[in-house]
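So the chains spell out like this:
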Amino acid sequence: MNALTYESPGSLDEAVKLLAAAKGNAKVLAGGTDLLVQLRMGMIKPAMIIDIKKIPELTAINEENGGYRVGASVSGAVLGEHDGMKAAWPGVVEAFELIGSTQIQGRASMGGNLCNGSPAADAVPAMIAADAVCTIAGPNGRREAKVEDIVTGPGQTSLANGEIVVDFLFPARPARSGDAYLRFIPRTEMDIAVVGAGISLTLDDAGVCTDARVALGAVAPTQLLLQDGAAALIGSKLDGAAMEKLDAAARAACRPITDKRGTIEYRIKVAGVLARRAAKIAQQRAEG
Amino acid sequence: MTVESKKYKWVGTSPVRPDGNDKVTGRAKFGADLMLPGMLTGKVLRSPHAHANIKSIDTSKAEALPGVKAVITSADVAELESEWVPAGELQLNFRDLAHNIMANGKALYDGHAVAAVAATSAAIADAALDLIKVDYEVLPHVIDVEEAMEADAPVLHADMFTDGVTPKPTKASNIFKEVDIAVGDVEAGFAKADLVVERSFKTAPVHQAYLEPHAAVASFSEDGQAELWCCTQGHFVVRAYCAKLLGMDIADLRVTASEIGGGFGGKTTVYLEPVALMLSRKAGKPVRAVMTRDEVFRASGPTSGAASWVKVGVTNDGTIVAGEAILKYQAGAFAGSPIQPGCMCAFAPYDIENVKVKGYDVVTNRSKVAAYRAPGAPISEHAVESVIDEIAKKLGMDPIELREKNAAREGTNAAYGPKFGVIGFADTLAAAKAHPHYSAPLGPNQGRGVASGFWFNIGGSSSATVNVNEDGTLALATGSPDIGGSRASMAIMAAETLGIEVTDVRPIVADTASLGYTFLTGGSRVTFATGMAVIEASKKIALELRERAAKTWDISVDAVIWEDGLAKPAGANAGDFEPLTLADLAAKANQTGGPISSAASLNAEGAGPGFGTHICDVEVDPETGAVKVLRYTAVQDCGQAIHKAYVEGQIQGGAAQGIGWALNEEYIYDEKGRLDNASFLDYRIPVASDLPMIDTVIVEVANPTHPYGVRGVGEVPIIPPMATVANAIDSAIGIRLTELPMSPPRVLAALDNGS
Ligand SMILES: Cc1cc2nc3c(=O)[nH]c(=O)nc-3n(C[C@H](O)[C@H](O)[C@H](O)COP(=O)(O)OP(=O)(O)OC[C@H]3O[C@@H](n4cnc5c(N)ncnc54)[C@H](O)[C@@H]3O)c2cc1C
């Protein structure tokens, strides 16, 4: 029987050192709501668990140039009570709060949601739509990367050995901006997204969309950032024609699989529906 | 006996449940909660194949692993004769049971047990399982019931020649038996019909999804006696099955039922219990075995998936003149689906002159089905109730009025044989029609559905003992595991019978060595049958108390009455002595003859059939196919509610499970026949936020054979929901869905195809 050691370093440097030294045999533990499940199911057999919740930077939320820097291990319950983030990025907060139940919310983090690499992770499309940038600490120091560049496939990320996601920067919002996230699940909670759609947009005084980002989840091996989706919205007032274009762009971008959670045809169709519905909610929020 | 006019002190109220506190605090001891000194961990190796010959099993490496104390395979399980015995609402074959707890020569489903180990830790047991080498020859498999019936389907059992067909076939098949029920002449009936509707339906296999996984702790002594602790709906039945499987005298096995986290029929058979006993016998130490959720889904019995065809003919005034059905039920790997009750129930709610039902019991490569609330009835009645709804819509008739016109009533000859006694079907229909829900307005994309359901309910053997404690409180023991609030109901019936405070009665579930045989908790029998034993034992106590008072006063027992919890002198002696309380008499028990106790054992007959009618409003999202249940009302004739809140809970729980069956629950298999959704994440039972508060209406048409008028309650409420929801969806979108579950992709596809 192999032993499993548990470490809970108080600094990032220490954590990175431990992680790099383990050469792939260690796993970072944030909330553990993915990790512990995988451990118990025998899907992973690490020799070391490195708990990162004792590292202050990872659990802090700070205002920065009108935007917010959110630690990678901040729990859903904590972010859900942050007035600044709720006002600036309600779509991100609602996506994160959709994860699991009250119990899971007390543990689950956005860092874990992202680094677990699930195509269906709920917070990720909203973070991509928000154009969030993550700070990554590793053996060679720090670097920055866009959220959409982290996940490379189911269960896979672009993080190198020894790298840890430190925080996410959600930029300052121009006036008349709004975001929203919707997912489809057959139940009302405790389920994995069959399709997820995150949209962030900015309107001018006349209500014309000047900027937009559209992201989809659960319809391809990774989350998708839809340029065509943004193009469908920009320059429009989100009228019927724009909505149809967005719907078509969403459907065209999907590369889903048929599995126990949904068929290809179903996922494609619902991706268009959710994109439209999320855009309308984001629009309402932008209009205040 | 007229029961309605009685005024009760406790019956029909909702006192605090005696098991509630410990369940809320976590103190209650469930199947996995018993620890014994030196206890080993038992684990089971399961087939990863849906159908495979087991060419060899090499356990030598596992046996050699330090910490492993016993390994068993089918070589350790005695071969039993093929012998059918009644098992509650179903039948059971001991040879099949032996082969189900440990595969013998052939693995018949993904999850079929092939070996088991007992080791000093869970990690060692897991490692030992990895060291067992099983050489499989994978065979073609079949899971779908209709595919399994085809002539060229892979055959599971080379010795299965369909029963119920003359001449008996000479070629083995997967059809274990055919069932036929017929009254009148359906052809003549259909010839008289102005409208005939026929439809085919499919329903998915669904699991009872009890919260507590199967668990057992077994301890064998050197003298050949054993104790078993397990979560079960019937510890006397577990004792009988295990004694048979292990070749023991019944007296040598004592079984204690732990607290139970749900059963719904699924814990009426054995899986781990005999395996834990065999491991303990071999290891000479206590063994605890607990299933994971994955094992529960793969290896314990859900109910059948099925294919049904139903044809109903009516005249223009709404009289049903003929009903015909063909029902094909999956039994799983071994014969014995609930096809018989399925056939019997199909048209039971209605007074129809001409009925013909044909049923098939079909084996397929999935876990053997177990009982699930009203086994068989929800499947056939879903089909019939859907067709009845379609007929009502085609006739332009209110669906409740159509049912009222054809409802079975007292004296109706049921299509399955007997004449109905006092029943309350029409009363449930009237209550549903009068309920404000039935006439509430609906919005866009919303629809309302109605459907009814029938179940027999059963009686059977039960025992109870009552001990009067030294202070006058009562210890009440029965042999019925409490899955639905029976302890509360038993305390109420004892307190009512004796006219004492309900809190003075402490009800428990006693082990198999402590009182008379009690058949399992199933068939909605416990409040009825065990309740009768409790009432009888309580009456004996009342008589004994009168005798003790008579002795105390030195008068004849005939001159003492027991009234409102007091012994009172009566007749010529009325007023001569101060009445004596139970506490007074208990305190003097030693002077009047010793401890006061009683026991009653009986075989209860005359169970009262149950009927329910449900109303459901849904809203369908036309773009995603998602169905939201907006409002749900369940009306049921319960005879007499003993503990009212528990009765409501039974009705709500049954409706919730039925809604899950209707909308999202299903077993999903991959192309190799392996179960792909063996977890609560992907086997979607409704979560609390999926459902509205389920409104209940309790109709009380007393069952004349029970002292308080009880009918069974627990099973009827799972029967109507599937058709109720389907009928509501049809009202909302104008499309009849005939395949369960009516999951969002299926609803959306139907919307897109317009059918
Ligand atoms: C009951 C239940 C319900 C759930 N419901 C949902 C749901 O609705 N939607 C959804 O999207 N998910 C759901 N999940 C999955 C899970 O809760 C989320 O993905 C959650 O966000 C994971 O966060 P965590 O902090 O618990 O991650 P952990 O389990 O701690 O970690 C997940 C993975 O990320 C790695 N990791 C964590 N933090 C970092 C970091 N800072 N840098 C590098 N690597 C890191 C870990 O090593 C691990 O591989 C559910 C899980 C459960 C058990």
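Residues numbered from 1 in each chain as written. Chains lettered and ligands numbered in written order. Predicted model: local features only at pLDDT ≥ 70, side-chain atom pairs only at ≥ 80, totals over all residues. Heavy atoms only, no water.

1. Quick look at the interface of chain B and chain A
Listed by partner, the interface residues are 23 residues for chain B and 17 residues for chain A. For the pair chain B and chain A, the summed buried surface comes to about 1,900 Å²; carbon and sulfur atoms form 54% of the total. The largest per-residue losses of area from chain B upon contact with chain A belong to Glu623(B), Leu681(B) and Arg684(B), which jointly make up 29% of the total buried on that side. Counting across the chain B and chain A interface gives eight salt bridges. Residue Arg684(B) pairs with Asp191(A) through a salt bridge whose shortest N-O separation is 2.7 Å. Secondary structure elements with two or more residues in the side of chain B that touches chain A: helix H4 (122-131) and helix H20 (744-753) of chain B. Broken down by class, the residue content of the side of chain B that touches chain A amounts to 12 nonpolar, four polar and seven charged. (Contact = heavy atoms within 4.5 Å. Buried area = accessible area lost by both parts, 1.4 Å probe. Salt bridge = Lys/Arg side-chain N within 4 Å of Asp/Glu carboxyl O. Helix = DSSP H or I, 4+ residues; strand = E, 2+ residues; numbered from the N terminus. Nonpolar A, V, L, I, M, F, W, Y, C, P; charged D, E, K, R; others polar.)

2. Observations regarding the domain arrangement of chain A
All names here are of chain A. Domain assignment breaks chain A into domain 1 (5-51), domain 2 (60-170) and domain 3 (177-287). Between the C-alpha centres of domain 2 and domain 3 there is a distance of 20 Å. Across the boundary between the two partners, domain 2 contributes 27 residues, which contact 21 residues of domain 3. Both sides together, the interface formed by domain 2 and domain 3 hides about 1,900 Å², and carbon and sulfur atoms give 57% of it. Three residues stand out in domain 2 for area buried against domain 3, namely Pro 119, Pro 125 and Ala 129, and they jointly supply 27% of the buried area on that side. Along the contact surface separating domain 2 from domain 3 lie four salt bridges. Note that Arg 213 is salt-bridged to Asp 131, the shortest N-O span being 3.4 Å. Applying the counting rule to domain 2 against domain 3 returns 13 residue pairs in polar contact (both at pLDDT 80 or more). Class assignment for the residues of the side of domain 2 that touches domain 3 results in 16 nonpolar, six polar and five charged. (Domains from an automatic or database assignment. Polar contact = N/O pair within 3.5 Å; in protein donor to acceptor, adjacent residues only side chain to side chain.)

3. As for the packing of helix H7 (residues 235-246) of chain B against helix H8 (residues 272-283) of chain B
Residue and element names in this part refer to chain B. Two elements in contact, H7 and H8, have axes whose closest approach is 10 Å; the angle formed by their N-to-C orientations is 50°. Classified by the angle their axes make, H7 and H8 are oblique. Here the hand of the crossing between H7 and H8 comes out right-handed. Counting all contacts with H7, which are made through Val 238, Cys 242, Leu 245 and Leu 246, the residues of H8 involved are Glu 273, Pro 274, Leu 277, Met 278 and Arg 281. Classifying every residue of the contact of H7 with H8 by side-chain character gives seven nonpolar, no polar and two charged. (Axes fitted to C-alpha atoms, helices over the stretch in contact; angles between N-to-C directions. Parallel < 35°, antiparallel > 145°, perpendicular 65-115°, else oblique. Left-handed = near helix turned anticlockwise from the far one by under 90°.)

4. Observations regarding the domain arrangement of chain B
Often, the extent of an interface is quoted as the loss of accessible area upon association of its parts. Residues and elements named next belong to chain B. Structurally, chain B comprises domain 1 (20-27 + 459-604), domain 2 (34-139 + 212-261 + 267-299) and domain 3 (306-457 + 608-754). Measuring from the centre of the C-alpha atoms in domain 2 to the corresponding centre in domain 3 gives 36 Å. Taken residue by residue, the interface counts 20 residues in domain 2 and 25 residues in domain 3. Between domain 2 and domain 3, the buried area comes to about 1,900 Å², and carbon and sulfur atoms account for 64% of it. Together, Glu 89, Leu 90 and Phe 297 form the three largest contributors to the area buried by domain 2 at its contact with domain 3, with a combined 37%. The interface formed by domain 2 and domain 3 holds zero salt bridges in total. Applying the counting rule to domain 2 against domain 3 returns four residue pairs in polar contact (both at pLDDT 80 or more). Within the residue set of the side of domain 2 that touches domain 3, elements represented by two or more residues are helix H3 (94-101) and helix H9 (293-299). The element best represented in the side of domain 2 that touches domain 3 is H9, accounting for five residues. Class assignment of the residues belonging to the side of domain 2 that touches domain 3 gives a composition of nine nonpolar, five polar and six charged.

5. Some words on the site of the ligand
Residue and element names in this part refer to chain A. Not every one of the 31 residues close to the ligand is listed here, only the nearest: Val 28, Thr 33, Asp 34, Ser 109 and Asp 122. One of the backbone N or O atoms of Gly 31 is found 2.7 Å from an oxygen atom in the ligand. In the environment of the ligand, a nitrogen atom lies 3.0 Å from a nitrogen or oxygen atom belonging to the backbone of Gly 100. Taking 980 Å² as the accessible area of the ligand by itself, protein coverage stands at 88%. Of all the elements in the fold, those that place two or more residues in the shell around the ligand are strand E2 (26-29), helix H7 (110-115) and strand E10 (164-170). Ranked by residues supplied to the shell around the ligand, first place goes to H7 with four residues. Here the shell around the ligand is composed, by residue class, of 16 nonpolar, nine polar and six charged. (Near = heavy atom within 4 Å. Areas by Shrake-Rupley, 256 points an atom, 1.4 Å probe, with all protein chains shown as cover.)

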